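Listed here are the chains, written in short residue letters.
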Amino acid sequence: MGVRQDRPGKVGTQVAGRAGRVLDEVVTRLTAGLTIADLRALLRGEPLRRPDPRLSVHTRSFWFHIKPRYYHEAATRFTHTFRLGLLATVLLVVEALTGVLLMFYYTPSPDRAYGDMVRIISAVPFGQLIRDLHRLAAEGLVVVALLHLARTFLTGSYKDPRRFTWATGVALLALVLFLSFSGYLLPWDQLAYWAVTIGTSLADKIPPAALGAWLKSIFLGGPEVSGDTLLRFYLLHVLLVPLIAAVFFAVHYFKVVRAGISLPSAEEEVGRDTAKRVPVERRRYTIPDVLSDEIVFISIVAVILLGVIAFGIYRGAPLESHADPLTTPAGIAAPWYFLWVQGLLKLGNATLMGVIVPVLFFLVALFLPYLDRNPSRRARDRKLAISLFAVTVVALVGLTWLGRPAYGVELPPAQAVAEKMMPEEGQGEITGLPWSELKPGEWDTRTYGVSTAGPALRAALAALEAELAAQPQMPEGRAKLVISQPQPGLKKLALRLFWQGADGGEQVYERNAFVHADARAGAE
Amino acid sequence: MAQSRSARIVVVRLGLGVAAALLLAALIVFLAAREPDRMAAGAASFEGRAIAHGASVYVDACAGCHGVWGQGVPEIAPALNSAEFLNDRLVELNYQGDLRSFIESTVASGRPVKNEDYDSIMPAWSQEYGGALRADEIRDVATFIMNWQEASAPGAPPAPAGDDGGAAAAGKAYFGSRDCLGCHGWPGRGGITGPDLAGLALRAGEQMPGVDAEGYIRIAILAPSAYIASDCPPGPCPDMMPRDYGEQLSPRELEILVRYLLTLTEPRPEKRPAGAPAPLVGGLATPRPEDQGLGETPLARGETLYGEHCAQCHGDRGQGGMGTALDAVLVSVDPLRYARAATAQGVPGSLMPAWDEAAGGPLSPSELDDVAAYVVELARRE
C-alpha cells in the first residue's frame, strides 16, 4: 500500500483512514486514474488537477490508446449516429464468442454435423441459447450494418476525409454477408443444403463459362455441394473470412478514430471538416463519460438480445431434417438478405441479373465517395443523391418482395395444396394440429361436418376444402385424410386428393406424413 | 446549470446500467432454471422426429420384406414388431452389443446368408457398402424399430365429440371412421366379417325378450357374446367383435353410435339387380364391382373375393380410398407373398383387419392366395 500512496495526487483522499485509502485505490484502478475526489470534481463541473487524470491512461494502455481521449459533444448525440457502429461491433463480438462456443461441439463432416446440431440443441446446457444468439446476432449484424450504411450516407459522412472509411465499411458489409452465407451450410439440414446449392449455382453464371465452372468447383470442392464443400465453408466461416474481416475492421476503426466521427453537417461550413478540432468546452472525455455511456448501451443491447430469445420473440434458429441430396424440398428460400438477388433473377438471365448487376451494384457502393463530387454534406444540397438513395432502397425492397418464395417456381396445384396442409418440412395446417385432434380414422372434405372430428381438425378440413375449391385446375376437388397409429406416439397421415382430370378420369395425388407426439413442441 | 445537468446524466446512466445488469442477471437465472426442461423437451422432440423419419425410411426400404408394420412376410423376412425379435433375438444369437447396434449394423451391412426359414438374403443398406441409406437414415430407422419395444398401447381414446347437431349423423360418421366399418361395411352393402347392419333398427327390438331396440344395440356393442343373433353368418363372426368397446367408447360416442344404428330402418337388399346404381357410401357414390359368380381361374376367384371384401376400402381398381392404394405392394421384392402376408395378418394401428382364418378372419389359405394374386395383378395394371 505504502508504495503507491502518492498515486491519488494533490487533491488527496477525503475518505479518512486506511479503509479510505484502499477504497480510493480501488476507485482509481476502476476508473483508470480518477480518484474519488476527481470524480466529485467532475460531477460538480470543477476543473480537474493537472495533468488531467482522464488522459494519462490513453498513453499507458493498449485498449484506451485505441480510443480517442475525447469526442466532440455534437458527434456523441445519440440521434446523430444511433451508436450503430458500436452496435455492429458488439454484435460482431457476440458472433465471435458464441461462434467459438459452438465450435467446441461441432464437427464439419456430413456424417456428424447434423447430429452435432441435434446435440447442441438437446444435450448441451445453453446450447440452443448460444446457437440462437449466434443466429440472431448474425441477422442483427446485417440489419445494423445496413442501417449504419444508410446513416452514413444520409449524413454525408462518406465524403472527404472519410472516403476510404466508407469503402472499408462496404467491404465489411460484403464480408458479413459472406460470413452469413457460409454459416448457412454448417447445420447440414435441408434448408442449408438446398439454399447453398441454389446460391452457389450462381457461380456457374460468372462469365466466361469456363471461369465460372472453375470457380464453382474450387468453391464447392467438386461439382455439387458435398462433404468437401462443408469443410471449405467451415474453414472460410471460422477462419479465413473472420481474419480478413478483422483486418478490414481494424482499418475501418483506425480511419474512424483518425478522421474523427463526422459532426452534424449544421455544425460546420460546407467543404470543411472540423471533427478533430474540438473546442475545450465541447469535449466529452472518453473517461468516464463516453465509456460509461457505451457500457450502459452494451448492457441494454445484451438485455434485449437475451430477452428477445428468452421470451420467444425471436423464433430461434431453425433445424430442418438432415440434408438429402436426392430430395429437393418444395420451397427453397434464400436468407432474407439475399432475396433481392432472387428477385433480380426473375427479371432476366442469370449471368446479367445474378452476377453482373449485383457486382456492379457492389462496386458502385464501394466507390461511391469517389463518384460523388458534391462537397456539401447538407441534405438540401444533396437532393439528387438522397433521391437516388431512396430509389435504391425502394428498388431493393421491391426486389426482395419479388424474391419471396411465394413468387418462386409454382408447384403443381395438388402438390401446392398438400404442401400447405402437410409440408415436407415443418408443420402445416394438418400436421400442426394438436396431437389429440389427429384422431385415427378416415376424414373426408365432404363429410367432416357431420363427423366426430374435433374443432381443430374440422377447421383444418374446412381449410383444405376451401383450398381445393380455390384451385381452378382441380375441378370437383375433394380430399380424404386417413389417420392411423402404427406405433405408440406415432401417427401416419395419408392425404389423398382427388379431382377431375382433363380426360374426365379421376386424378389422385397422395402424400403421406408421419408425426410423433413428442416432436410437436408448441403444437399442443 | 451545466453541473447539475451532467450530474443528472450520470445518475440516469448509473440507474440504467444497474437496471440493465440486474435484468441481465435475472434473465440468465430464468434461462438457467428452465434449461433442464428445455433440454429434455429438445431431446424428446428430436427422438420423435427420428422415429417419424425412420418410419418413412421403413416404408420405403424395409416394409417390402419385413411387412407393412413389421409383422414380417413368411419365407421372405422375419417379423421385427415382435417380442421375439425385440427381446429374445440378441440372447439367441449370443450377441455382445445392444439392440440398437444389432439393428444398425444389420441394416448397414445386411445378412448375406439364407437359412431354412427365409429364402432371400438381406442386402447391405449403408451407402458405405453400396446400399441406398445414409448413416442418419439407418440410425433413424433403428430408432423407429426400437419404438415397437414400448408397450403397444392403443391410440388415445378419441376426444368426446362436440355438439355437432344431429347425433345420428355424427354417429354415422363415427361408424365410418372407426373399426365398425372394417367388419360390418356400410349398411345395405353386405357385411365383411360381421353381419350387414341394414334394418337393424327393425329387428333389434325383437331379438332379446324384454329388451327394446336401443337396449339391444347397447348390449350388442358392449357385450357382443351375450346374445348371438340367428342371422349372424356362420364362421368366426360372433367371436370377432371386440369385447372392450365399453372401455374404448366414451359415453358420448356410444350414444351417437346407438342413435345412428337406430336410424337403420331400411331392410337388407335381397339381391341388387345387375346394372342398378350402387348405393351411396356415407353419402359418397363409390362404384362397387358387380356381383359375380365364382370364376374358374385363381385370378377370377381373386377378383370376386376382392370385390366382396377389399374394394370397399381399397377402391374397385385398387386405387385406394380409405385403405392404401395397392400399388404399394410393388415395393416388395416379392409382391405376391407380401400382399398375401399383409392380407392375412392385417395392419396393426390401421383399420385393416387380419383376414386369415387362423387369425379369426373369413378367408381360407387358398382364398388368400387368390386375393393376393388378384391384388398384384391390379397393382401392376394400375
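These figures come from a predicted structure and were not determined experimentally.

Describing the overall build of chain A
Item 1. A tally of helices and strands in chain A yields 18 helices and six strands.
Item 2. Expressed as a percentage of its 524 residues, the buried residues of chain A come to 48%.
Item 3. Taking all contacts inside chain A whose residues are at least 6 apart in sequence as the whole, residues at least 24 apart take part in 67%.
Item 4. Looking at chain A as shown, the accessible area adds up to about 25,400 Å², and 66% of this sits on carbon and sulfur atoms.

Here's the deal with a nonpolar patch on the surface
Residue and element names in this part refer to chain A.
Item 1. Together, Phe164, Leu352, Ile356, Val359, Leu360, Leu363, Val364, Phe367, Tyr370 and Leu371 make up an exposed nonpolar region whose accessible area comes to about 870 Å².
Item 2. The greatest single-element share of the nonpolar patch, amounting to nine residues, is contributed by helix 15 (residues 350-371).
Item 3. Of note, Val364 is situated in helix 15.
Item 4. Using a relative accessible area of 44% as the deciding quantity, one classes Val364 as partly exposed.

Some words on the interface of chain A and chain B
Item 1. Tallying the contact residues gives 65 residues for chain A and 68 residues for chain B.
Item 2. Interface of chain A and chain B: buried area, both sides summed, is about 5,200 Å²; carbon and sulfur atoms make up 64% of it.
Item 3. Seen at the junction of chain A and chain B, the total is three salt bridges.
Item 4. Arg13 of chain B is paired through a salt bridge with Asp293 of chain A; the nearest N and O atoms lie 3.4 Å apart.
Item 5. On the surface where chain A and chain B come into contact, there are 14 residue pairs in polar contact (both at pLDDT 80 or more).
Item 6. Per-element tally for the side of chain A that touches chain B: the top contributor is helix 13 (residues 286-310) of chain A, with twelve residues.
Item 7. Along the lines of polarity and charge, the residues of the side of chain A that touches chain B split into 31 nonpolar, 17 polar and 17 charged.

Some details on the confidence of the model for chain A
Item 1. Confidence along chain A averages 89 in pLDDT terms, with 95% of residues attaining 70 or more.
Item 2. The least confident element of chain A, judged by mean pLDDT, is strand 3 (residues 441-444) of chain A at 82; the most confident is helix 6 (residues 84-103) of chain A at 97.

Some words on the environment of Phe389 of chain A
All names here are of chain A.
Item 1. With respect to the secondary-structure elements, Phe389 resides in helix 16 (residues 383-402).
Item 2. For the pair Phe389 and Phe153, spaced 236 residues apart in the sequence, the C-alpha separation amounts to 8.3 Å.
Item 3. Each residue touching Phe389, except ones within four places of it in the same chain, is listed here: Ala150, Phe153 and Leu154.

A word on the pattern of salt bridges
Item 1. Throughout the structure, instances matching the rule amount to 44 salt bridges over all chains.
Item 2. Residue Arg77 of chain A is joined to Glu73 of chain A by a salt bridge in which the shortest nitrogen-to-oxygen separation is 3.2 Å.
Item 3. A relative accessible area of 34% places Arg77 of chain A in the partly exposed class.
Item 4. Through salt bridges with shared partners, one network takes in Arg83, Arg284, Asp289 and Asp293 of chain A together with Arg13 of chain B.

Points about the confidence of the model for chain B
Residue and element names in this part refer to chain B.
Item 1. This prediction gives chain B a mean pLDDT of 78; 81% of its residues lie at or above 70.
Item 2. Looking across chain B, the model is least confident in strand 2 (residues 284-285), with a mean pLDDT of 33, and most confident in helix 4 (residues 135-146), with 94.
Item 3. In the predicted structure, residues 151-165 sits below a pLDDT of 50 and forms 21 contacts with residues beyond four places in sequence or in another chain.
Item 4. Residue range residues 271-295 is modelled with pLDDT below 50. Its contacts to residues more than four positions away, or to other chains, number 35 contacts.

What about the pairing of strand 5 (residues 490-500) of chain A?
Residue and element names in this part refer to chain A.
Item 1. Across the eleven residues of strand 5, ten count as buried, placing the element largely inside the fold.
Item 2. Sheet topology note: the strand 4 (residues 478-487)/strand 5 ladder contains eight bridges and is antiparallel. Along strand 5, the bridge assignment pairs Leu481 with Leu495.
Item 3. The antiparallel hairpin formed by strand 4 and strand 5 contains two residues in its connecting segment, where Gly489 sits at a positive phi of about 80 degrees.
Item 4. Two strands pair when backbone bridges link them, and strand 5 and strand 6 (residues 506-516) are joined in this way by eleven bridges, in the antiparallel orientation.

Here we look at the side chain of Glu137 of chain B
All names here are of chain B.
Item 1. Inspection of the secondary structure assignment puts Glu137 in helix 4.
Item 2. With a relative accessible area of 10%, Glu137 lands in the buried category.
Item 3. Once you skip the residues sitting within four places of it in the chain, Glu137 turns out to touch His53, Val57 and Ala132.

Notes on empty space enclosed by the protein
Rolled over the atoms, a probe as big as a water molecule pinpoints where empty space is left.
Residues and elements named next belong to chain A.
Item 1. Enumeration over the complete set of coordinates arrives at two cavities of 30 Å³ or more.
Item 2. A volume near 30 Å³ is recorded for the second largest cavity.
Item 3. Taken together, the elements giving at least two residues each to the lining of the second largest cavity come down to helix 6 and helix 8 (127-154).

Quick look at the side chain of Asp356 of chain B
Residue and element names in this part refer to chain B.
Item 1. Relative to the assigned elements, Asp356 resides in the loop between helix 14 (335-345) and helix 15 (365-381).
Item 2. Within the buried core, Asp356 has no salt-bridge partner, and the shortest N-O distance to an opposite charge, that of Arg340, equals 5.4 Å.
Item 3. Once you skip the residues sitting within four places of it in the chain, Asp356 turns out to touch Thr343, Ala344, Gly361, Leu363 and Leu368.

Side note on the nonpolar core
Residues and elements named next belong to chain A.
Item 1. One finds Leu185 and Trp188 to be the most contacted residues of the largest nonpolar core, which totals 58 residues.
Item 2. The leading source of residues in this core is helix 8, at eight residues.
Item 3. If near-sequence neighbours (up to four positions away) are discounted, Trp188 is found in contact with Pro110, Ala113, Tyr114, Tyr193, Val225, Ser226, Gly227, Leu230, His322 and Ala323.

Concerning the packing of helix 3 (residues 99-109) of chain B against helix 4 of chain B
All names here are of chain B.
Item 1. Orientation of helix 3 relative to helix 4, taken along the N-to-C sense of each, is 130 degrees, at an axis distance of 9 Å. With respect to helix 4, the axis of helix 3 lies oblique. The two elements helix 3 and helix 4 meet at a crossing, and its hand is right-handed. Only Ile138, Arg139, Ala142, Thr143, Ile145 and Met146 of helix 4 make contact with helix 3, whose side of the interface consists of Leu99, Arg100, Ile103, Glu104, Val107 and Ala108.

Quick notes on the rules
The residue numbering used here restarts from 1 in each chain and proceeds along that chain's sequence as written. Here chains are named by letter from A upward and ligands by number from 1 upward, in the order in which they appear as written. Local features in a predicted model are, by the rule used here, given only for residues with pLDDT of at least 70; side-chain atom pairs are given and counted only at 80 or more, and totals for whole chains, interfaces and linings are based on all residues. To get the side-chain values, take all heavy atoms of the structure and skip hydrogens and water. Helix and strand definitions follow DSSP, with helices as H or I runs of at least four residues and strands as E runs of at least two, each counted in order from the N terminus. Type-normalised accessible area, obtained with a 1.4 Å probe on protein chains alone, sets the label of each residue: buried when under 20%, exposed when over 50%, and partly exposed for intermediate values. Throughout, a residue-residue contact means that at least one pair of heavy atoms, one from each residue, lies within 4.5 Å. Per-residue accessibility takes into account occlusion by the displayed protein chains alone, with areas from the Shrake-Rupley method and a 1.4 Å probe. Exposure above 30% relative accessible area and the absence of a salt bridge qualify a residue for a patch, where like charges join within 9 Å and nonpolar side chains (Val, Leu, Ile, Met, Phe, Trp, Tyr) within 5 Å. Criterion for a salt bridge: a side-chain nitrogen of Lys or Arg within 4 Å of a carboxyl oxygen of Asp or Glu. As used here, buried area is the combined drop in accessible area, with a 1.4 Å probe, of two parts when they are placed together. Each polar contact in these results corresponds to two N or O atoms within 3.5 Å; when the atoms are within protein, one needs to be able to donate a hydrogen and the other to accept it, and residues that are neighboring in sequence are counted only if both atoms are side-chain atoms. Amino acids are sorted into nonpolar (Ala, Val, Leu, Ile, Met, Phe, Trp, Tyr, Cys and Pro), charged (Asp, Glu, Lys and Arg) and polar (every other residue, Gly among them). Residue-level confidence of the predictor is what pLDDT reports, using numbers from 0 through 100. A pair of strands is treated as paired once DSSP finds two or more bridges between them. Note on definitions: the grid is 1 Å and covers protein atoms alone; a cavity is a set of points where a 1.4 Å probe fits but cannot get out; a pocket is an open set with protein on both sides within 12 Å along at least five of seven lines; lining residues have an atom within 4 Å of a point. Grid points are joined across faces, edges and corners, and a volume is the space filled by probe spheres set on the points. Neither His nor the chain termini are counted; the positive set is Lys and Arg, and the negative set is Asp and Glu. Here, the term nonpolar core denotes a set of buried Ala, Val, Leu, Ile, Met, Phe, Trp, Tyr and Cys residues that are joined through side-chain atoms within 4.5 Å. In this analysis, axes come from line fits to C-alpha atoms, helices being fitted only over the stretch in contact, and the angle between any two N-to-C directions falls in the range 0 to 180 degrees. Just so you know how the angles are binned, under 35 degrees is roughly parallel, over 145 roughly antiparallel, 65 to 115 roughly perpendicular, and the rest oblique. Handedness of a crossing follows from how the near helix is turned relative to the far one, being left-handed for an anticlockwise turn of less than a right angle and right-handed for a clockwise one.

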